[in-house]
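Close look at the chain arrangement
Letter by letter, the chains look like this.
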Amino acid sequence: MNAPLPTQALRAMPPALTEALQARFGAQFSTALAVREHHGRDESSFSVPPPAAVVFAESTADVADAVRLASQYAVPVIPFGVGSSLEGHLLAVQGGISLDVSRMNAIVRIDADDLTVTVQPGVTRKQLNEAIKHTGLFFPIDPGADASIGGMCATRASGTNAVRYGTMRENVLALEVVTASGETIRTGTRAKKSSAGYDLTRLMVGSEGTLGVITEITLKIYPLPEAITAAICSFPSIEAAVRTTIQVIQLGVPIARVELIDAHTVRMVNAYAKLGLREEPMLLMEFHGSPTGVKEQAELVQEIASDFGGQAFEWASTPEERTRLWTARHNAYFAAVQSRPGCKAISTDTCVPISRLADCLLDSVAEADASGIPYFLVGHVGDGNFHFGYLIDPNSPDERARAEALNDALVARALRLDGTCSGEHGIGLHKMDFLVAEAGDGAVAMMRAIKQALDPLNILNPGKIFRL
């Protein structure tokens, strides 16, 4: 079984480092318990002691100085954005300093003519789109939570729009990064393509803060579609909803979003948000393009859905109506957690080729139903990615063991079907063993070699992705 929480030794915070950080950062440095505890938890189910201290960085120079001081004493540095990680990325498993970059939230540069924007890492997804909406452009990557752009880069996030616009991997052009020695480097340019040397931008995107601290990001942005229509459709079974999705994708319909919500989740969302959705498996969809193109796409999808028993097809074309329909998806996690007070959610994140989606998902649903563990199910099914959230009592070793066994079986099934253990959440603490099973010993050894070359003291978010 994948270990729930690998045991790791804490590294001491020398008084000399505390004094140096206090002298350099003043009020931007804190050892207060409440501040440390806030930076010592995320949305994962893990319970870990808080970091020894917190530094609130306000500039690249602040980040460089904090990392440089930590390097002198071989003390860990853990980048922190808004705290929405699901895999324990933000936890100080070896102690050290939480480096909060949320105050680095400036829009550095908008280049509307080139369809690019440059931001600091603390800028959130919603903040970015608000700042650029006057240009008629938008940033499409939407993981659901109002995550920071730096955190989305670090985990190689994607979300509901990935089926049309791709993930962070496809949408980051360049980065500014502080290395483990405190040096500031730049990777990439604003050019749309490059063959100049190693692709360090892609190396950093998805590195989960283990190779450098991201301090500036240049992103692709896109013209707002002339027309946007959203729709929901209920189905008699999850299989019917999944078969509809597969047919839509294989026919080449340029759908922007297609999300699955199972009946359990619909019930939870109805209770949480006081909605009146049909408590059946549901697809939430969105279509982008010209008015004529959107109408044609939606009518074709409605026809396909009808062939699989889809009903109660509901349209929304105004922003207010679309927001109402998407409330169900964006509130799913919080609705589920509230449905069982005191619970923790163990989240899964498998992704498989679209042709294998039904095989993977339906067997996994049957196992979850048989387990007796309450769960919710949502999925970016247009790109083969879906998430179970097993709702466990954190004080029950039996429930945790059963949930982890379900997760183990799910990941093994996805890997057999040429899929991955993580479509977008990253490895963090929870999926280290799964990474070895997926990538193999040789590939993971290469990853370790890169980590050791770039961070020889192992101070950058140590204990994540793999064990050193």
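Our subject in this report is the structure included herewith. Fair warning: this is a prediction, and the values are worked out from it, not measured in the lab.

Observations concerning the packing of helix H15 (residues 397-416) against helix H16 (residues 432-439)
- Orientation of H15 relative to H16, taken along the N-to-C sense of each, is 20°, at an axis distance of 11 Å. The orientation of H15 relative to H16 falls into the category roughly parallel. For the element pair H15 and H16, the recorded crossing hand is right-handed. Touching Asn407, Asp408, Val411 and Leu415 of H15 are Phe434, Ala437 and Glu438, all from H16.
- Along the lines of polarity and charge, the residues of the contact of H15 with H16 split into 4 nonpolar, 1 polar and 2 charged.

Description of the nonpolar core
- Among the nonpolar cores identified, the biggest contains 45 residues, and Leu260, Met285, Leu361, Leu377, Phe388 and Tyr390 are the most heavily contacted of them.
- Setting aside residues up to four positions removed in sequence, Met285 forms contacts with Thr229, Ala230, Ala231, Cys233, Ile255, Arg257, Val258, Val301, Phe313 and Trp326.
- In this structure, Ala57, Val67, Leu99 and Met104 belong to the second largest nonpolar core, which totals 25 residues.

Considering the packing of helix H14 (residues 357-371) against H15
- One way to put it is that H14 packs onto H15 with a least axis distance of 10 Å and a crossing angle of 165°. On the basis of their axis angle, the class for H14 and H15 is roughly antiparallel. Note that H14 runs across H15; the crossing there is right-handed. For the pair H14 and H15, contact is made by Asp359, Cys360, Asp363, Ser364, Glu367, Ala368 and Ser371 and by Arg402, Leu406, Ala409, Leu410, Arg413 and Ala414, respectively.

Structural notes on the pattern of salt bridges
- Scanning all chains against the criterion turns up 24 salt bridges.
- For Asp65, the salt bridge goes to Arg68, with nearest N and O atoms at 2.7 Å. Of this pair, Asp65 and Arg68 both sit in helix H3 (residues 60-72), 3 residues apart, roughly one helical turn.
- Judged by its relative accessible area of 23%, Asp65 falls in the partly exposed class.
- Ionic pairing is found between Lys431 and Glu87, a salt bridge with its closest N-O pair at 2.3 Å. Of this pair, Lys431 sits in the loop between H15 and H16 while Glu87 sits in the loop between strand E3 (77-80) and strand E4 (97-100), placing them 344 residues apart in sequence.
- Its relative accessible area of 0% is what places Glu87 among the buried residues.

Side note on the state of the cysteines
- Scanning the model with the defined rule gives 0 disulfides in all.
- We note that Cys360 lacks a disulfide partner, and the nearest cysteine sulfur, in Cys351, lies 9.5 Å from it.
- Here Cys421 stays free of any disulfide, with the sulfur of Cys351 as its closest cysteine sulfur at 11 Å.

What counts and how
- Residues numbered from 1 in each chain as written.
- Predicted model: local features only at pLDDT ≥ 70, side-chain atom pairs only at ≥ 80, totals over all residues.
- Heavy atoms only, no water.
- Axes fitted to C-alpha atoms, helices over the stretch in contact; angles between N-to-C directions.
- Helix = DSSP H or I, 4+ residues; strand = E, 2+ residues; numbered from the N terminus.
- Parallel < 35°, antiparallel > 145°, perpendicular 65-115°, else oblique.
- Left-handed = near helix turned anticlockwise from the far one by under 90°.
- Contact = heavy atoms within 4.5 Å.
- Nonpolar A, V, L, I, M, F, W, Y, C, P; charged D, E, K, R; others polar.
- Core = buried A, V, L, I, M, F, W, Y, C linked by side-chain atoms within 4.5 Å.
- Buried < 20%, exposed > 50% of the residue type's maximum accessible area, 1.4 Å probe, protein only.
- Salt bridge = Lys/Arg side-chain N within 4 Å of Asp/Glu carboxyl O.
- Disulfide = S-S within 2.5 Å.

Note that all results are geometric; they support no functional claim without further evidence.
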